[in-house]
There are 4 protein chains.
Amino acid sequence: MKTQTIVLNQERNVTLTIYLQEVGEKYLRIQTRPAALILPGGGYQFCADSEGDPVALEYLNAGFQAFVLRYSVGKDAVWPNPLDDYENAMEYILAHAEKWNICPEKIAVVGFSAGGHLAACAATMAKHKPSAAILGYAATMEKFISICAPNAPGPVDAVDRKTCPCFVFATRNDKVVPAENSLRFINALYTNGISFESHIYGYGPHGFATVNPTVQDPSALCSRAPHWVADSMEWLWDIWGDIDAEPDNKPRCARTVGGDYGEFLSVECTTDCILKNESAKELLHSIGMGELISNMEGLKGSNIVLHQILEYAQLSEEQITGIDTMLSEIPNLELK
Amino acid sequence: MKTQTIVLNQERNVTLTIYLQEVGEKYLRIQTRPAALILPGGGYQFCADSEGDPVALEYLNAGFQAFVLRYSVGKDAVWPNPLDDYENAMEYILAHAEKWNICPEKIAVVGFSAGGHLAACAATMAKHKPSAAILGYAATMEKFISICAPNAPGPVDAVDRKTCPCFVFATRNDKVVPAENSLRFINALYTNGISFESHIYGYGPHGFATVNPTVQDPSALCSRAPHWVADSMEWLWDIWGDIDAEPDNKPRCARTVGGDYGEFLSVECTTDCILKNESAKELLHSIGMGELISNMEGLKGSNIVLHQILEYAQLSEEQITGIDTMLSEIPNLELK
Amino acid sequence: MKTQTIVLNQERNVTLTIYLQEVGEKYLRIQTRPAALILPGGGYQFCADSEGDPVALEYLNAGFQAFVLRYSVGKDAVWPNPLDDYENAMEYILAHAEKWNICPEKIAVVGFSAGGHLAACAATMAKHKPSAAILGYAATMEKFISICAPNAPGPVDAVDRKTCPCFVFATRNDKVVPAENSLRFINALYTNGISFESHIYGYGPHGFATVNPTVQDPSALCSRAPHWVADSMEWLWDIWGDIDAEPDNKPRCARTVGGDYGEFLSVECTTDCILKNESAKELLHSIGMGELISNMEGLKGSNIVLHQILEYAQLSEEQITGIDTMLSEIPNLELK
Amino acid sequence: MKTQTIVLNQERNVTLTIYLQEVGEKYLRIQTRPAALILPGGGYQFCADSEGDPVALEYLNAGFQAFVLRYSVGKDAVWPNPLDDYENAMEYILAHAEKWNICPEKIAVVGFSAGGHLAACAATMAKHKPSAAILGYAATMEKFISICAPNAPGPVDAVDRKTCPCFVFATRNDKVVPAENSLRFINALYTNGISFESHIYGYGPHGFATVNPTVQDPSALCSRAPHWVADSMEWLWDIWGDIDAEPDNKPRCARTVGGDYGEFLSVECTTDCILKNESAKELLHSIGMGELISNMEGLKGSNIVLHQILEYAQLSEEQITGIDTMLSEIPNLELK
């Protein structure tokens, strides 16, 4: 393993600390490694070391190449400086991906608090989006982040169908960055059909990082809070496929969820999605399912999927498949 | 251990299966036990056995007395029949609490899917509220539950400051009861200051219960989904205090979160809460903090707590304590 | 789930408590269940309830049918009464196996302390041997058990090639039944080629059972001691194949270990085993490996396997396979 | 974190790779760190990289300073070269302990296979003994290790009362280094009263290291085998006291076990130990416990402790304490 720190921007004191492991030889089971770009918190006033090295060690240990970006803070935190720092770091990593045996499709950004804000911006608005984002007690609401970074945008409002899958965690009673920031972000991910996993733990202080006993007293947190570390890795393997060389290491979890996000309609679309589509309604009328449509009108806003409705109506699996086939020829106009 | 099934309502075929363990003797470390009242799912059409016995066994194993309520379903599921069944079961349990060595302040309701809807109704609208609710892939939106229980209410709209603490879990891609049901419920809990823990797991089918391999293929779910069982127990000990006889088994987690829910104001109130209170604003003006108020106006909706603002403003801990003392004499008018 | 207690021997006050779960219906994934016959400890003076119900619950929870045998104690503990009680219980279970949906090839005995002595006797000397034995801080040395059961035999001396696979655990500093009892038993299992798993935990008191907080203060034990419960289940699936209906639930772990226990020789035999076999030595001489034999003589007692020696001697994999084929025609005379 | 490789012996190509973390600042909770000196395996023919970096990362992650020693192999492995390399490495670490914020009383050696042999030699015969040893599928029998290191000693024969506490793990069916090597070593530790923890896992291949998926297919091992990593850390905190700054981080587990290893006798001595001591026998006779002595003669070899015998004889706790007080004045002559 090698470590090195390079200067990305002398003027703004932006650095990238690089931790690289080998592949091949002893690491027979892998040819390339995933990477984690870590963004420590600190209210855009500083970059907390407790959210740097200890986090890098966890990801290294799980087989990643790791990077800690110390982005612009204090007077230099004027937007878009921090996001520019992120873009520069990501460009630098991508430019060295082959040399460093990094799989460019498997780069996660891992951010905490203000660094979580920056990670959420990367996930939603960056030119070089990560392939997944881990957001720890992140600030995501514009109103909220504006306290420490006056003109920074609110990533919760920027979530769209191109946002990468996210793993979002926080404690219910965080007094520094209210859990509302995490809740609003996952609501936005849900509304946009983005795959995510989220854990709002019962209690614990802000800034608990990896709950390494050298930096955080574990007894101050609920017993589940430290699980985010292992859980986030498992989730990445779900999204990316397992790290190792097995031929069947396909992703187990899609990057978007639900029929509403396909290019064509299906029985997995919600009733709302179907009802907005005139061709779909015509189709259903034409096969004598007008009553179904009026039932669906009554369910507006329930987000129930058509498949479920058809099951309740006791259609056979064959009938449902037939409807699915017909729907699959109707373009999903709702798709932005 | 003893098991027994009693009929609560002959006409509607409502039964309560009772699983009782002893205290004292071999169980030297406890004098009373917590209890779990389990409400299986089944779309109000039936009560799924896979969400009965196997769930009871998990809670028994953790030291609980366990109860499975098979409530009114099918044509008998007309509201408020199921909720009446719950009330009857709870009354029955409370009436026998002393005989059965149950601590009446430690009765959790554990519901799944439609049973989760019933559990959420118990948590929000029942006469005999449980002291905590575990809600598994629960239906909580009126629009949604109305599909299978036409006139059933939506507990998400009934959450208020008297709702009990809740542990809410679901999978992101549940095709039967969309995770939106869980999301809306935790949003409502948050808005009302109720303590909760929530886990939205990356992927997995509806109805996975305890992921016991005799009823559910574990490989169909993400690796984290089975954790809800142990995690929900740990969370209950956080809310209630540990099960055992140790003198320090105090709750580690309060039932409400945040200063906004106290009878008097404090520096732990959000800025929004402070700004709505004329006495608080007068106080701050009178001590020369008018500028702070106008800053706070700019932060409306951020839900940042006053303590945080005062730290950013670089007030000393002593000054903050002083302000806290003054605020503690102002009644919290916002409190419903 | 049903529970019932039947009397096996009125005179000696021997009872069998039966806990039965269903199969089929909700338990779609299984047609038969494994079973656990639990033997509580108590120095043959009594049967400890803390090693009854709580243990049964753990195995029930994992999908087993469970049985607690309260065998002859006190003045009735004269040998072979307790072992007769075991045989009667096992006969009773086997006679009802079909009715109770029990797989007769998957019945484990689980014994603690003196009950561990009885379980180890069942594993080594019983007419109806279990298919696996879980031995918790068991007494296994004749000298030792004779203190509380004067004429009871020492199962450590009875281990032979027909002994069932065993899972053996204890704490290093047990003051009541010294860990030496577990060590000697696993040494005997090793010498006889029996498959086993063993955990000697750093510290903890005697009689900790499942470390259920209602019966045992977890802080008195090292953090690993409670793991035996889950670990013993996983080990049983390794020995038996997984509990569920998957077509590939074959055992992952054989019941005997090493080439010395096959009917014919192989390169997996130890050098000692080869050297005791004149036909094998002749064979090796005849193919010009006389030097190898004299090297092996120098390694007597090392228990190194021939395969390893041949690798060190830099024979090709093809050559090794050739030798293996020739050895496979020589009967293993050492095999008792 | 910094990494660096220094040459300890140019001629024999012996190197020490150093991984250092900071203390203080972000690591507020610690002033010094424990250290792990890692000895990879490789049959004294090479040093396996898979047992270097990945192991170092695990210990770094748990808060240790880590060191990987690549000792003399091949033609240079002539004894005592490898042990000299160990001594040099340990001297180097001790000389820099203050500079590198290492607690010199908390240095563990972690060895695998042949490196486990070297670690066991360090634990038993080194001038600079480690304070604990982690031995993974280690070769410990002279007969066995002589195959690859002709004149190397067998540490199993060198265990004595000065041996450090050990954590010993292996798989039952290891075909390269038979588990007998681990069994014999823990037997020797037991006989000499040394504190240890041991795990013999049901099945798995030799050389599985930390079961990092980049180097080892986890499906080839039983599910418990990877637990040694976390378990060995927990055990070290038991032996050393927790890593963090809490005032109560005292060891929970003594370095020796049992009364036989004290300077004076006690009721925690075994009957064998008491019977060998004429003063003790006189004392017991003088207080009218002659019958007890003859009972104890019948129990020779059982290693039961006197306390237990006195309880069976139904002496009161007060009487037992009285005997303990009298014994505490008799020197333990058996103590070597």
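Residues numbered from 1 in each chain as written. Chains lettered and ligands numbered in written order. Predicted model: local features only at pLDDT ≥ 70, side-chain atom pairs only at ≥ 80, totals over all residues. Heavy atoms only, no water.

Novice: Help me get a handle on empty space enclosed by the protein, residues and values and all.
Specialist: One pass over the full model with this rule turns up four cavities of 30 Å³ or more. Of the voids in this model, the largest cavity is the one considered here, and its volume is about 40 Å³. Looking at the largest cavity, the residues that line it are His199(A), Tyr201(A), Arg224(A), His227(A), Asp231(A), His199(B), Tyr201(B), Arg224(B), His227(B) and Asp231(B). Listed by contribution, the elements that provide at least two residues to the lining of the largest cavity are β8 (196–201) of chain A together with β8 (196–201) of chain B. The residue makeup of the lining of the largest cavity, split by class, is two nonpolar, four polar and four charged. (1 Å grid on protein atoms, 1.4 Å probe; cavity = no way out; pocket = protein on both sides within 12 Å on 5 of 7 lines; lining within 4 Å. Points joined across faces, edges and corners; volume = space filled by probe spheres on them. Helix = DSSP H or I, 4+ residues; strand = E, 2+ residues; numbered from the N terminus. Nonpolar A, V, L, I, M, F, W, Y, C, P; charged D, E, K, R; others polar.)

Novice: Hey, could you go over unusual backbone geometry for me, with residue numbers and the actual values?
Specialist: The step from Trp79(A) to Pro80(A) runs through a cis peptide bond, and the omega angle for that step is 5°. Among the secondary structure elements, Pro80(A) is positioned in the loop between β4 (65–70) and α2 (81–95). Here the phi dihedral of Asn13(C) falls at roughly 60°; this positive angle occurs in a residue that is not glycine. Checked against the element boundaries, Asn13(C) lands in the loop between β1 (2–9) and β2 (14–20). A positive phi angle, close to 55°, is found at Ser113(D), a residue other than glycine. For Ser113(D), the location among the structural elements is in the loop between β5 (102–112) and α3 (114–125).

Novice: Run through helix α1 (residues 53–61) of chain C, naming residues and quoting values.
Specialist: Residue and element names in this part refer to chain C. Among the nine residues of α1, nine are classified as buried, and the element is accordingly described as predominantly covered. Within α1 the residues assigned to the buried category are Asp53, Pro54, Val55, Ala56, Leu57, Glu58, Tyr59, Leu60 and Asn61. At the C-terminal side of α1, Gly63 shows a positive phi close to 105°. (Buried < 20%, exposed > 50% of the residue type's maximum accessible area, 1.4 Å probe, protein only.)

Novice: I'd love a proper account of the pattern of salt bridges, names of residues and values included.
Specialist: This structure, assessed with the given rule, holds 47 salt bridges over all chains. The partner of Arg29(A) in a salt bridge is Asp217(D), with the nearest N and O atoms 3.7 Å apart. Taken together, the residues Arg29(A) in the loop between β2 (14–20) and β3 (33–39) and Asp217(D) in the loop between β8 (196–201) and α6 (228–240) connect one chain to another. Accessibility expressed as a relative area gives 24% for Asp217(D), which makes it partly exposed. Lys75(B) is paired through a salt bridge with Asp76(B); the nearest N and O atoms lie 3.2 Å apart. By relative accessible area, which is 17% here, Asp76(B) ends up buried. Three or more residues are tied together by salt bridges with common partners; here these are Glu197(A), Asp238(A), Asp242(A), Arg252(A) and Arg224(B). (Salt bridge = Lys/Arg side-chain N within 4 Å of Asp/Glu carboxyl O.)

Novice: An account of the packing of helix α2 (residues 81–95) of chain C against helix α3 (residues 114–125) of chain C is requested, with residue identities and associated values reported.
Specialist: Residue and element names in this part refer to chain C. Running from N to C, α2 and α3 cross one another at 65°; their axes reach a closest spacing of 10 Å. Crossing angle aside, the handedness with which α2 passes α3 is right-handed. Across from Pro82, Leu83 and Tyr86 in α2, the residues of α3 making contact are Leu118, Cys121 and Ala122. Residues of the contact of α2 with α3, tallied by class, amount to six nonpolar, no polar and no charged. (Axes fitted to C-alpha atoms, helices over the stretch in contact; angles between N-to-C directions. Left-handed = near helix turned anticlockwise from the far one by under 90°. Contact = heavy atoms within 4.5 Å.)

Novice: Residues and numbers for the side chain of Asp231(D), please.
Specialist: Inspection of the secondary structure assignment puts Asp231(D) in helix α6. No salt bridge is formed by the buried Asp231(D), whose closest oppositely charged neighbour, Arg224(C), lies at an N-O distance of 5.2 Å. Those residues within four positions of Asp231(D) in sequence are excluded, and the remaining contacts are Arg224(C), His227(C), Phe167(D) and His199(D). (Lys, Arg positive; Asp, Glu negative; His and termini not counted.)

Novice: Residues and numbers for the interface of chain C and chain D, please.
Specialist: In this complex, chain C contributes 51 residues to the contact, which on the side of chain D involves 51 residues. Of the roughly 4,400 Å² buried at the junction of chain C and chain D (both faces included), carbon and sulfur atoms supply 55%. Three residues stand out in chain C for area buried against chain D, namely Arg172(C), Tyr190(C) and Arg224(C), and they jointly supply 16% of the buried area on that side. The tally of links between chain C and chain D comes to five salt bridges. (Buried area = accessible area lost by both parts, 1.4 Å probe.)

Novice: An account of the relation of the copies chain B and chain A is requested, with residue identities and associated values reported.
Specialist: Note on the copies: chain B fits chain A at an RMSD of 0.0 Å, the axial shift is 0.0 Å, and the rotation between them is 180°. The symmetry that links the two subunits is that of a two-fold axis. Proximity to the rotation axis, assessed at the C-alpha, singles out His199(B) in chain B; its C-alpha lies 2.3 Å from the axis. Same-surface contact between copies: 100% of interface residues of chain B are shared with the interface of chain A. (Least-squares fit on C-alpha atoms with pLDDT ≥ 70 in both.)

Novice: Go over the side chain of Thr270(A), please, and point to the residues and values.
Specialist: All names here are of chain A. Examined against the element boundaries, Thr270 turns out to sit in the loop between α6 (228–240) and α7 (271–275). Classification of Thr270 as buried rests on a relative accessible area of 9%. Among residues more than four places away in sequence, those in contact with Thr270 are Asp260, Asn303, Ile304 and Val305.

Novice: Describe in detail the relation of the copies chain C and chain D, supporting the description with residues and values.
Specialist: Between chain C and chain D, which share one sequence, the superposing operator has a rotation angle of 180° and an axial displacement of 0.0 Å; the RMSD is 0.0 Å. Taken as a fraction of all interface residues of chain C, those also at the interface in chain D reach 100%, which identifies the copy contact as same-surface.

Novice: Kindly report on the pairing of strand β1 (residues 2–9) of chain B, identifying the contributing residues and their values.
Specialist: Pairing of β1(B) with strand β2 (residues 14–20) of chain B involves seven bridges; the strand directions are antiparallel. Across the sheet, Thr3(B) pairs through a bridge with Tyr19(B), a residue of β2(B). (Pairing = 2+ DSSP bridges.)

Novice: Describe the confidence of the model for chain A, naming the residues involved and giving the relevant values.
Specialist: On average, residues of chain A carry a pLDDT of 92, and 98% of them reach 70 or more. ipTM for the predicted complex: 0.92, alongside a pTM of 0.93. (pLDDT = per-residue confidence, 0-100.)

Novice: Report on the interface of chain B and chain A, specifying residues and quantitative values.
Specialist: How big an interface is tends to be stated in terms of the accessible area lost upon association of its parts. In this complex, chain B contributes 51 residues to the contact, which on the side of chain A involves 51 residues. Between chain B and chain A, a total of about 4,500 Å² is buried, with carbon and sulfur atoms accounting for 55% of that surface. The largest share of the area that chain B buries against chain A comes from Arg172(B), Tyr190(B) and Arg224(B), three residues that together contribute 16% of it. At the surface where chain B touches chain A, the tally comes to six salt bridges. On inspection of chain B and its partner chain A, the count reaches 18 residue pairs in polar contact (both at pLDDT 80 or more). Of all elements in the fold, only α4 (142–145), α5 (180–191), β8, α6 (228–240) and α10 (306–312) of chain B reach the threshold of two or more residues within the side of chain B that touches chain A. When its residues are assigned to classes, the side of chain B that touches chain A shows 24 nonpolar, 15 polar and twelve charged. (Polar contact = N/O pair within 3.5 Å; in protein donor to acceptor, adjacent residues only side chain to side chain.)

Novice: Tell me what's going on with the environment of Glu317(A), and back it up with residues and numbers.
Specialist: Residues and elements named next belong to chain A. For Glu317, the position within the fold is in helix α11 (residues 317–327). Considered as a pair, Glu317 and His307 are ten residues apart in the sequence and their alpha carbons are 9.7 Å apart. Apart from residues no more than four positions distant in its own chain, Glu317 is found in contact with His307 and Glu311.

Novice: How would you sum up the packing of aromatic side chains? Please name residues and give values.
Specialist: Overall, the coordinates contain 60 aromatic pairs over all chains when judged by the stated rule. Plain terms: the ring middles of Phe112(D) and Tyr137(D) are 5.9 Å apart, the flat faces sit at 45° to each other, and that makes the pair tilted. With a gap of 25 residues between them, Phe112(D) in strand β5 and Tyr137(D) in the loop between β6 (132–136) and α4 (142–145) connect regions that are remote in the sequence. Per residue, the accessibility class of Phe112(D) equals that of Tyr137(D), and both read buried. For Phe112(D), a relative accessible area of 0% puts it in the buried group. Taken together through their ring pairs, the aromatic side chains of Phe112(A), Tyr137(A), Phe167(A), Phe169(A), Phe208(A), Trp228(A) and Trp235(A) make up a single cluster. (Phe/Tyr/Trp six-rings, centres within 6.5 Å; stacked < 30°, edge-to-face > 60°.)

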